[in-house]
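# Observations on the three-dimensional arrangement
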Amino acid sequence: MLQGFLDFISDSANWAGAEGIGNRILQHLGYTFLSLAIAALIALPIGLLIGHTRRGAFLAINTGNAARALPTLGLLTLIVLLIGIGRVPVIIALVVLGIPPIMASTYAGVSGVDRSTIDAARGMGMTGREILTKVEIPIALPLIISGLRSATLQIVSTATVAAYVALGGLGRYVIDGLSLRDFPQMLTGAVLVAVLAILLDLVFAAIARYAVSAGLTGRVRRNTDTKTSTAPAPAGV
Amino acid sequence: MTWIGDNSVLIWEQLREHLFLALLPMVLGLLISVPLGYVATRFSWLANPLVALGGVLYSLPSIALFIVLPALIGTKVLSAANIVIALTIYAVSLLIRNVIDGLRSVPEDVLQAAVSVGYGTLRRVITIDLPIAVPVIFAGLRVVTVANISMVSVGAIIGIGGLGELFTLGFQQDFLTPILVGVVLSLALALLADVALVGLQRILTPWARVNTPKEA
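Residues numbered from 1 in each chain as written. Chains lettered and ligands numbered in written order. Predicted model: local features only at pLDDT ≥ 70, side-chain atom pairs only at ≥ 80, totals over all residues. Heavy atoms only, no water.

Definition in use: UniProt positions are given in the numbering used here, feature names are shortened, and annotations may be inferred rather than shown by experiment.
As recorded in an unreviewed UniProt entry, chain B goes by Binding-protein-dependent transport systems inner membrane component and comes from Kribbella flavida. What the UniProt record of chain B gives under Sequence similarities (unreviewed entry) is the line "Belongs to the binding-protein-dependent transport system permease family."

Chain A goes by Binding-protein-dependent transport systems inner membrane component in an unreviewed UniProt entry, where it is assigned to Kribbella flavida. If you open the UniProt record of chain A and go to Sequence similarities (unreviewed entry), you find "Belongs to the binding-protein-dependent transport system permease family."

### Notes on the interface of chain B and chain A
Our working rule: Contact definition: two residues touch when any of their heavy atoms are within 4.5 Å. Take the accessible area each of two parts loses on contact, using a 1.4 Å probe, and add the two losses: that sum is the buried area. Salt-bridge detection follows one rule: a side-chain nitrogen of Lys or Arg within 4 Å of a carboxyl oxygen of Asp or Glu. Residues adjacent in sequence count toward polar contacts only when both atoms are side-chain atoms; beyond that, a polar contact is any pair of N or O atoms within 3.5 Å, and within protein one must be able to donate a hydrogen and the other to accept it. Working definition: helices are DSSP H or I runs of at least four residues, strands are E runs of at least two. Numbering for both runs from the N terminus. Charged means Asp, Glu, Lys or Arg here, nonpolar means Ala, Val, Leu, Ile, Met, Phe, Trp, Tyr, Cys or Pro, and polar covers whatever is left, Gly included.
Opposite the 36 residues of chain B that make contact, chain A presents 38 residues. Across the chain B to chain A interface the summed buried area is about 3000 Å²; carbon plus sulfur atoms make up 83%. Run the count over chain B and chain A and you get 0 salt bridges. Counting every contact that joins chain B to chain A gives 2 residue pairs in polar contact (both at pLDDT 80 or more). The set of elements that each furnish at least two residues to the side of chain B that touches chain A consists of α4 (62-73), α7 (121-152), α8 (164-172) and α9 (176-204) of chain B. Of the residues forming the side of chain B that touches chain A, the biggest block, 7 residues, is contributed by α9(B). By residue class, the composition of the side of chain B that touches chain A is 27 nonpolar, 8 polar and 1 charged.

### As for the nonpolar core
Rules: For the purposes of this section, nonpolar cores are sets of buried Ala, Val, Leu, Ile, Met, Phe, Trp, Tyr and Cys residues that join through side-chain atoms within 4.5 Å. Only protein chains enter the area calculation, which uses a 1.4 Å probe; residues under 20% of their type maximum are buried, those over 50% are exposed, and those in between are partly exposed.
Grouped together as the largest cluster of nonpolar side chains are 84 residues, with contacts concentrated most on I102(A), I67(B), I157(B) and I158(B). Ranked by residue count, the leading element in this core is helix α5 (residues 87-111) of chain A, at 9 residues. Those residues in contact with I102(A) that sit more than four places away from it in its chain are L36(A), A39(A), A40(A), A43(A), L44(A), G147(A), L148(A) and A151(A). Membership of the second largest hydrophobic core comes to 11 residues, among which are V156(A), V193(A), L196(A) and A197(A).

### With respect to the UniProt feature "domain: ABC transmembrane type-1" (unreviewed entry) in chain A
The positions UniProt marks with the feature "domain: ABC transmembrane type-1" (unreviewed entry) are residues 25-204 of chain A. The distance from the first to the last C-alpha atom of residues 25-204 of chain A is 19 Å, and the span holds 86% helix and 0% strand.

### As for the side chain of T160(A)
With respect to the helices, strands and loops of the structure, T160(A) is situated in helix α7 (residues 128-161). On the basis of relative accessible area, T160(A) is assigned to the buried category, the value being 2%. Apart from the residues within four sequence positions on either side, T160(A) is in contact with H28(A), G171(A), V174(A), V193(A) and I63(B).

### A look at the pattern of salt bridges
Enumeration according to the criterion identifies 6 salt bridges over all chains in this entry. E130(A) is paired through a salt bridge with K134(A); the nearest N and O atoms lie 3.8 Å apart. Separated by 4 residues within a single helix, E130(A) and K134(A) lie in helix α7, roughly one turn from each other. Residue K134(A) is classed as exposed on the basis of its relative accessible area of 54%. Between R124(B) and D129(B) there is a salt bridge; the shortest N-O distance is 2.8 Å. Among the residues examined, D129(B) registers a relative accessible area of 4% and is labelled buried.

Okay, structure coming up:
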């Protein structure tokens, strides 16, 4: 079986043209990034608003939990039956899957910022907008990025399933291979999607490493260790 | 509505298959990750690589894993074992972090007290470390269970997927009812499983109930 897979993936004829691996990867990435961008455009502002005002936490937490239980294939087939076959229903389904993780972790990141830090910022004369952009977002950034990261993984996986409802992308190899009982072809699709998912995950790990303020990542030494700051002061101090 | 009545046998069967395919991996995942997590706290250099490996495995798309597994371990493509093994891999890769965090959350003086009153390692781990780690482990277990219940349905694409088969059925016949039934039952199953785990956690950690009102 592995030999069949190696034969399939090393055959240059399988790489060229509209049905080729190259184009399938581009399609797959296209669906992924379009859906991710739309999901982020919707979920980030809502998450920031809920986190900043600390109102509506109920909404953020519960949509996050409910979405985790939502069966991907059910959502996809449901939307396709309601709207019809095409790119739009698939993108809608992917966006719906992407919104909750982004919203929930953005909310968690922003609302988790230490109250005293915000009070200090306000005491220095920062406006609400400045507190959000200069204090809350930078501190929440690791969690915001991890939300985008889980949304991306979710969307990349599900974009595979989307071939089931007649979309392109790498899922085609899985679905077409299955109907033809062509196992090497299925395996090619599966392996390529897995590699794509791992690569995208690495990209987000790199983004998190370089976008997050050095003061938060622990890459630079701090004067005070926050872990011990809540401990009682030693006797005699 | 008549469709539901006419197909109640089918629905019931898929529901049972769904429950089996989701819960067996959860139990297996727990049975594997607890000893593994214990070993990782004993030999702490193991912990970070294990958690990192778990992160990579968890990022694999489920449909990909369902298909790659037969090539790696020689099962049949259309075997339910692929789903069970794949979901067990997800369960372990998520739970391992919680088990390690949970076991590490046991206070050092508690461990020392147990050793000093003569507890052996095995007895201490089972009667002291694990119960104290229950809340952290259960936090992971709840995520695993709900995610598994939703992921089982993806298996329907390759022909084994419990309630997911109602989705493929509805899609092929251009018929909304089976899909709605599948989605609703899947969500209900996830909710019930989650409630059951919360209840189980309460039973396993009686001290938490005693302490909460005082702290509040």
